[in-house]
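Structural overview
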Amino acid sequence: MRVVYAVDLETTSLSPDEGDIRLVAVTGADGSRVTSNVRDVETILRDPSVLKVFHNSLFDAYWLRRKKFEVRNFADTMVLSQVLHGDVKAGNKLVDLAKQYLGLELNKELQSAENWLGELTDQHVAYATADSEATYRLYPILMDRIRERGLEAVAERETRALTALIRMQSDGILFDYEGWTSELDRYVASAQALQEDIRAKLECPELNLGSSVQLKSALLSVGVNVSSTKQEELAKFGYASPVVEMVLRHKKALKILSAYGDKLLRRIGSDGRLRGDWRLLGTVTGRSTCSNPNLQGLPKTAKRFCVAEPGWSIVTADFSQIELRVLAELSGDPEMLQSFRDGKDLHRKTAAKVFAKSEEDVTDRERQAGKVINFGLVYGMTAFGLRNKLSAQEGLSITLEQAERFRNDYFELYPGVLRFQDTMLRSSRVKSLGGRHWDSKALKEIMRFNYPIQSTAAEGFKESLILLNDRMPGHWRLIAAIHDELVVEVPEQEVERAEQLLQDCMTTGMGCLVTGVPIEVDVNAGAHWIK
DNA sequence: GCCATCACG
DNA sequence: ACGTACGTGATGGCA
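Reading guide: rules and limits
Residues numbered from 1 in each chain as written. Chains lettered and ligands numbered in written order. Predicted model: local features only at pLDDT ≥ 70, side-chain atom pairs only at ≥ 80, totals over all residues. Heavy atoms only, no water. Helix = DSSP H or I, 4+ residues; strand = E, 2+ residues; numbered from the N terminus. Rg over C-alpha atoms; globule rule 2.2 N^0.38 Å. Buried < 20%, exposed > 50% of the residue type's maximum accessible area, 1.4 Å probe, protein only. Contact = heavy atoms within 4.5 Å. Near = heavy atom within 4 Å. Polar contact = N/O pair within 3.5 Å; in protein donor to acceptor, adjacent residues only side chain to side chain. Nonpolar A, V, L, I, M, F, W, Y, C, P; charged D, E, K, R; others polar. Axes fitted to C-alpha atoms, helices over the stretch in contact; angles between N-to-C directions. Parallel < 35°, antiparallel > 145°, perpendicular 65-115°, else oblique. Left-handed = near helix turned anticlockwise from the far one by under 90°. Expected span 1.5 Å × (residues − 1). Pairing = 2+ DSSP bridges. Salt bridge = Lys/Arg side-chain N within 4 Å of Asp/Glu carboxyl O. Phe/Tyr/Trp six-rings, centres within 6.5 Å; stacked < 30°, edge-to-face > 60°.

The next subject is the overall build of chain A. For chain A, the helix and strand inventory stands at 21 helices and 15 strands. Here chain A has a C-alpha radius of gyration of 26 Å; the compact-globule value for 531 residues is 24 Å, and the two agree. For chain A, with 531 residues in total, the buried portion stands at 53%. Restricting the contact set of chain A to residue pairs at least 6 apart, pairs at least 24 apart contribute 65%.

Contacts to DNA strand C come from 30 residues, most closely from S211, K263, N292, M381 and K389. The sugar and phosphate moieties of DNA strand C supply 65% of its atoms located within 4 Å of the protein. A distance of 3.5 Å is found between a base nitrogen of DNA strand C and a side-chain nitrogen or oxygen belonging to K389. Elements represented by at least two residues in the surface near DNA strand C include exactly α10 (242–260), β9 (289–291), α16 (364–378), α17 (383–394) and α20 (445–471). Looking at side-chain class alone, the surface near DNA strand C contains nine nonpolar, 14 polar and seven charged residues.

Attention now moves to the environment of H347. Mapped onto the elements of the fold, H347 is located in helix α15 (residues 346–354). When the C-alpha atoms of H347 and S464 are compared, they prove to be 26 Å apart, with 117 residues separating the residues in sequence. Apart from residues lying up to four places away in sequence, H347 is in contact with Q321, L324, R367, G370, K371, N374 and F375.

The contact between helix α13 (residues 322–331) and α20 brings their axes to 9 Å, and the two run at 115°. In terms of axis orientation, α13 runs roughly perpendicular to α20. You can see that α13 and α20 cross each other, and the crossing is right-handed. Together, I322, E323, V326, L327 and L330 of α13 and P452, I453, Q454, T456 and A457 of α20 make up the contact between the two elements. Per-class residue counts for the contact of α13 with α20 are seven nonpolar, two polar and one charged.

With 15 residues, α16 should cover 21 Å at 1.5 Å per step; its first-to-last C-alpha distance of 21 Å lies within 8% of that length. Along α16, the positions that sit buried rather than exposed are E366, A369, G370, V372, I373, N374, G376, L377 and V378. Buried residues in α16 make contact with α13, α15, α17, α18 (400–413), α19 (415–426) and α20. One or two positions beyond α16, positive phi appears at G380, with a value near 85°.

Moving on, we get to α10. Across its 19 residues, α10 extends 27 Å between first and last C-alpha, which sits within 8% of the 27 Å expected from 1.5 Å per residue. Buried residues of α10: V243, V244, M246, V247, L248, H250, A253, I256 and Y260, and no others. In this fold, the buried residues of α10 make contact with α7 (177–201), α8 (212–220), α9 (231–238), α11 (262–265) and α12 (300–303).

Below, the discussion takes up unusual backbone geometry. Note the cis peptide between N292 and P293, where omega equals 0°. A positive phi angle is found at N56, which is not glycine, with a value near 75°. Turning to its location among the elements, N56 is positioned in the loop between β4 (50–54) and α2 (57–66). With a phi close to 65°, N73 is a non-glycine residue in the positive phi region. Since its relative accessible area comes to 31%, N73 is described here as partly exposed.

Neighbouring DNA strand B are 21 residues; T229, Q231, K251, K255 and D484 lie closest to it. Protein-proximal atoms of DNA strand B, defined as those within 4 Å of the protein, fall in sugar or phosphate at a share of 86%. T229 is positioned such that a nitrogen or oxygen atom in its side chain is 2.9 Å from a phosphate oxygen of DNA strand B. At a separation of 2.6 Å, a sugar or linking oxygen of DNA strand B approaches a polar side-chain atom of D484. Among the elements of the structure, α10 and α12 are those that each provide at least two residues to the surface near DNA strand B. Here the element with the most residues in the surface near DNA strand B is α10; it accounts for four residues. Across the surface near DNA strand B, the residue classes tally to four nonpolar, eight polar and nine charged.

Strand order in the open sheet made by the five strands is β3-β2-β1-β4-β5, with mixed pairing throughout. Two strands close off the open sheet at either side, each with one partner strand: β3 (31–35) and β5 (74–76). Taking each pair of neighbouring strands and ignoring which way they run, the sheet shows an average axis angle of 25°. In this structure, β4 lies alongside β5, joined through three bridges in parallel fashion. Each residue of the ladder has a partner; that of F54, found in β5, is D76. Sheet strands touched by α2: β1 (3–11), β2 (21–28), β4 and β5. Its angle to β1, the strand with the most contacts, is close to 85°. Packed on one face of the sheet, helix α3 (residues 77–85) meets β4 and β5 and runs near 50° to β5.

With that settled, consider the side chain of N374. Within the secondary structure, N374 sits in helix α16. With relative accessibility at 0%, the residue N374 sits in the buried group. Excluding its chain neighbours within four sequence positions, the residues that come into contact with N374 are L324, L346, H347, T350, Y410 and Y414.

For the structure shown, the criterion picks out 30 salt bridges. In this structure, K349 engages E335 in a salt bridge whose closest nitrogen and oxygen atoms are separated by 2.7 Å. Within this pair, whereas K349 is found in helix α15, its partner E335 is found in helix α14 (residues 334–341), the two being separated by 14 residues in sequence. Assessed through its relative accessible area of 8%, K349 is described here as buried. On the accessibility criterion, E335 (33% relative accessible area) is partly exposed. A single network of salt bridges, built from pairs that share partners, joins E158, R436, E459 and K462.

Let us now look at the packing of aromatic side chains. All chains considered together, the criterion is met by nine aromatic pairs. Taking the centre distance of 5.9 Å and the plane angle of 70° together, the rings of F54 and F74 count as edge-to-face. Taken together, the residues F54 in strand β4 and F74 in strand β5 connect sequence positions 20 residues apart. Note on F54: relative accessible area 0%, which makes it buried. Of the residues examined, F74 reaches a relative accessible area of 11% and is grouped as buried.

Interpretation note: all reported values are geometric properties and have no functional meaning in isolation.
Rendered as structure tokens:
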């Protein structure tokens, strides 16, 4: 008979950097108890034969880890709910589940951390107990539903991946504050100079470049008529118009400054490390996300300032063309499969087909266009979209007819891909290789062939992450997991071992789901994050 | 509070 | 005739 305890923490702050654990409520078959001293329940937390259940372990188990308490063997009712309901955003709070499954109205008046700073009353104790009791009762109910829906494999993978995410959340990234600050100064200077120039050229001294409404009309006054001020549209004029080119550069600088300037710096902890709020399940396809700040969206320029501590190295490893490989697996397209098996460059191959020349004669620009075509068509792009993208991204202007021909050429080369998309459009359910499934009626047509691909890649990625976390030594740091890239920080003399381990875990992990296509992983190491 | 825009994959 | 590529998170402008 398995021993299970639900555990709920109450803390004096949202962040363990600034607060303390105030109460721990524990509920088991023998009832509930509450303590203000974690030491009282330390042995339960550490005992691998006792299953702990949290609701949102990326809060509770993360806090415990940051406060140096070991937690072994745990599950998470929030994650189970997310797996079960498909909706990973709404309806997974403890209050929602208590109401839905237990017919219980939980009182959430004390939820906010500021309610846990002063004297604790019976009311506080009752509040914590109610949460852990609800969690305790929910766990078997949710597990039953998971089994009924055939989602055990998904739930188990997600549960196992939690440990890795908690570790990543705890470890954070050492950030070169000084270096980034002076880099920002350069962006400020450049943005200011550009703004002056642009205002003068457009004869509009008050122009707010952040306002697309104002920018559009100012550009019109010098004869540049754009339908929108987004990069993609402006790029069509940029090559011919110096002022548009300046606007594009200004936008870039402004973006960096607003999103990754002071706001980023304010998120650095007293240990110099940058920590975001990781979510195990941020998307319905099974990807993880990160916010405050979004470490998955750090601009390349900022990654240079994510550094290793002295004597250590940052090691990165990323899957090469993983979604295309998954597409090859799912579609079974012979040409695409053979290409990957032969270790060929798929972008070059596609370019050779649409530009009607041999692979050796494909230029770099043509290969880039091949890349746009490969990626665009994975997502179900139309000829219209393809034409726009090629024009905006590659400065390649083609007619709609030519774009249509590119598309037809592509599907002539990879007929299995067309068949795959067709099958997905006609099925009542679409599935990932890792056990997720969606009712087609609930999905826009295009999502029906995108979800299986994105989802399978995300699931294989999580298998890799789980393997890595299980196998990597405790003193290494897990820094980031970004859809197809894993980042660790290790002592310099262990770099080679880390590169090997990453490569091995990633090919093996993805190989759990993708069996017919070779998986390639590129590794890198250095004093900072290189992508 | 929504929209447009853009950072990442 | 119509709209036109998937998934995020974060921002400033604007109503």
